[in-house]
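In case you want the letters, here they are:
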Amino acid sequence: MDWGLILSNLVHDTIVFSTALIFASLGGLYSERSGVVNIALEGMMIIGAFTGAVMTYAFQDSLGSLAPWVGFIAAGIGGAIFALPHAVASVSFKADQTVSGVALNFLAAGLSVYLTKIIFNGAGQTTTLSQVFSKWSIPGLHDIPYLGHAIFEAYPTSYIAFILVFLTWFLVFKTPFGLRLRAVGEHPRAADTVGINVKKMRYTAVMISGALAALGGATISLTTTSNFSHNTVSGQGFIAIAALIFGKWHPAGAMGAALFFGVAQAIKSLVQIFGLTQYVPTEFIFMLPYVLTILVMAGFVGRSSAPAALGKPYDTGSR
Amino acid sequence: MNKVIAVFTKESFLVPLVAIILGLLTGAVAMLAGGFNPVKAYVALLEKVFGSAYNFGETIRQITPLIFTGLAVAFAFRTGLFNIGAEGQFIVGMVASTAVGVSFDLPAYIHAPLAIIAGAVAGGLWGSIAGYLKAARGVNEVITSIMLNWVALYFANWVMNAFFIPAGQQRSEMIQDSAVITISWLSAMFDSARLHWGTLIAILAAIFFYVILWKTKSGYELRAVGLNPHASEYAGMNVNRNVVKAMFIGGMFAGIGGACEILGVFHYQAIMTSQPGYGFDGIAVALIGGNTPLGVVLAAILFGILTFGSAGMKFGAGVPVELIRVVIASVIFFVAAHGIVKIFVKPILKKKKEGGN
């Protein structure tokens, strides 16, 4: 038994499974750092997975291998538009942000399958896409034994996700935009006093959130499943929320948590291969991200504290 | 007559009503965009529900769990908690009642009530995990209950796989006849639609909801904590204990709902690949029902009709059943953002004022 190869495969699979979670948890980060709760990540991912698959389907005959890119970008735009009602409700109409998020999750689940059935003559899923992303091998580096396969043979979306982690860290912690974003989420009144447009910041953040979560959804339909159906996303949006909290609302933390939850998924197949399921039921591995999040939130595994104004609508007239 | 008009123009009644109308209109727009005839579709929906005794009975079957989960969400709301975890509480209620239903061999008058109580206690305990974490460690109950929903799903599958599902099968053994709560004579009247005592229990639960919250001292405390936890604290109430209590009672409602679904409808439990959805629909039911017991029952009837009737839309007008999820989502959205609804309601209220003077 070649343990090096097994480990190499495990890292490789972990990256595949984590990519969508990284996108979505980064999406959640923008929204929540601005003070808007986003439990609609699941719905935004569903819309992204759907848009990505359908647009790729539309262009795969004419554009060939470029089609997944068109689908991917379209998914980002679709996600931003889909997030707009959440911003309108939570920022302009001061609605309960959790309820609005629940509504968007419902809407995404219904709308995506409704439209799929209309487009594909009543079928509950898109046809299998002939063009999806293929893995990129980094020249030179992917020849390194074990490590090359593990890290340097990944889908382009994975590389983009890791770059986005860095970009998000830079944007949120090193630029005026990021300072404003955090100010609006921690103390909107103070931010307003110094001339920051709270509403505009929150609208922007929620729409970025939708775009990134949708890219995460598109990653699933354009790499691992090659189609869209009602269970393409199946709860990964909620794992992304877990990753965001587990990662303490920090981009690197969220990435770390997403990778950790990705290991949990990758190990599942490994456990099955080695017949270990009789010792560790797969259900417990599925449960792990959720249980860990509860433990973290309860402060049993390090404290995690949310942005101070999270979930509170900003009312210019209030004290 | 003026009194009747007064009830119907009250804001607490108008907002949900306008939200429902806006939701149905959104659905109609989605149907027009998809090339369907919305009028034909909605008529087909009603024809499905009221067209035959069997379908009417099955609609009642569909309404029942929605009353339970609606009450579960609404009860916690009254204590200022958002119980998004009715889904998980419903699931553990199913597990506990299946366990009792399959494992014991008792006289029917003990067995069935015991299975229901098991479901209630399981749901209550599951709900109080989120309540305890909120009370003891200050954790937001929304996130913990979302996580607990998924834990419940996998936990249920594990319990079923490990103890109740014969090798190679996808569902548990059937529960003993003594635990079944199907009403066979009523079922026979409705062409064997799956009608059961759970519907009656749901109505009793709604009455219990009213009595405990508005007619008892502990209900007064629960509501006081929901309205103003700080003032309640100063008045000498134990806020934390009330938070756990509210989540326990809310969870009990959902747990009984899950138990009745097993004991009255399926008589076995299957492996779940996704959430059954009654808990999430319960959020919509509670919101539309204004977190009052009567409102919850009425809203559950509406959503039961919509979800069961959606199959008729498919048959009668070719509309995919998922359209109804779009309608429900829009209704929740408009209730949440009632600022939007008020734009539509304002002219009606204004007219009333002018007419009154």
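About the thresholds
- In every chain, residue numbers begin from 1 and rise along the written sequence.
- Think of it this way: whatever chain is written first is A, whatever ligand is written first is 1, and the rest follow in order.
- The model is predicted, so local features are restricted to residues of pLDDT at least 70 and side-chain atom pairs to those at 80 or more, both for listing and for counting; the totals for chains, interfaces and linings are taken over all residues.
- Secondary structure counts use DSSP, requiring at least four H or I residues in a row for a helix and at least two E residues in a row for a strand, with both numbered from the N terminus.
- Residues with at least 20 neighbouring C-beta atoms inside 10 Å of their own are called buried, those with 12 or fewer are called exposed, and the rest are partly exposed, where every C-beta is derived from the backbone.
- Once C-beta atoms have been placed from the backbone, residue pairs whose C-beta atoms lie within 7 Å are recorded as contacts.
- For the radius of gyration, the atoms used are the C-alpha atoms, and the globule rule reads 2.2 Å times the number of residues raised to 0.38.
- Under the grouping applied here, Gly and all other residues not named as nonpolar or charged are polar, the nonpolar ones being Ala, Val, Leu, Ile, Met, Phe, Trp, Tyr, Cys and Pro and the charged ones Asp, Glu, Lys and Arg.
- We define a nonpolar core as a collection of buried residues of the types Ala, Val, Leu, Ile, Met, Phe, Trp, Tyr and Cys that are connected via C-beta atoms lying within 7 Å of each other.

### Things to note about the overall build of chain B
Here's step 1: Helices and strands together make up the secondary structure of chain B, namely 16 helices and zero strands.
Here's step 2: Along the longest, intermediate and shortest principal axes, the C-alpha atoms of chain B span 70 × 60 × 35 Å.
Here's step 3: Each of the 357 residues in chain B was classed as buried or not, and the buried ones make up 54%.
Here's step 4: For chain B, restricting intrachain contacts to residue pairs at least 6 apart in sequence, the fraction spanning at least 24 positions comes to 79%.

### What about the overall build of chain A?
Here's step 1: What chain A contains, in helices and strands, is twelve helices and two strands.
Here's step 2: Taken over C-alpha atoms, the radius of gyration comes to 20 Å for chain A, in line with the 20 Å a tight globule of 319 residues would show.
Here's step 3: Counting all 319 residues of chain A, 53% fall into the buried class.
Here's step 4: Sequence separation of at least 24 residues holds for 76% of the intrachain contacts in chain A that already meet a minimum separation of 6.

### A word on the interface of chain A and chain B
Here's step 1: The partner chain B presents 34 residues to the 39 residues of chain A that form the contact.
Here's step 2: Those elements that place two or more of their residues in the side of chain A that touches chain B are helix H3 (67-92), helix H4 (97-119), helix H10 (236-246) and helix H12 (282-297) of chain A.
Here's step 3: If one sorts the elements of the side of chain A that touches chain B by residue count, H4 of chain A sits on top with 14 residues.
Here's step 4: A breakdown of the residues in the side of chain A that touches chain B according to their chemical character gives 27 nonpolar, eight polar and four charged.

### What about the nonpolar core?
Here's step 1: Ala243 of chain A together with Leu71, Leu263 and Ile332 of chain B are the most contacted members of the largest nonpolar core, which has 221 residues in total.
Here's step 2: With 15 residues, helix H9 (residues 198-224) of chain A is the single largest residue contributor to this core.
Here's step 3: Apart from the residues lying within four places of it in its own chain, the contact partners of Ala243 of chain A are Leu21, Ser25, Ala254, Ala257, Ala258 and Phe261 of chain A.

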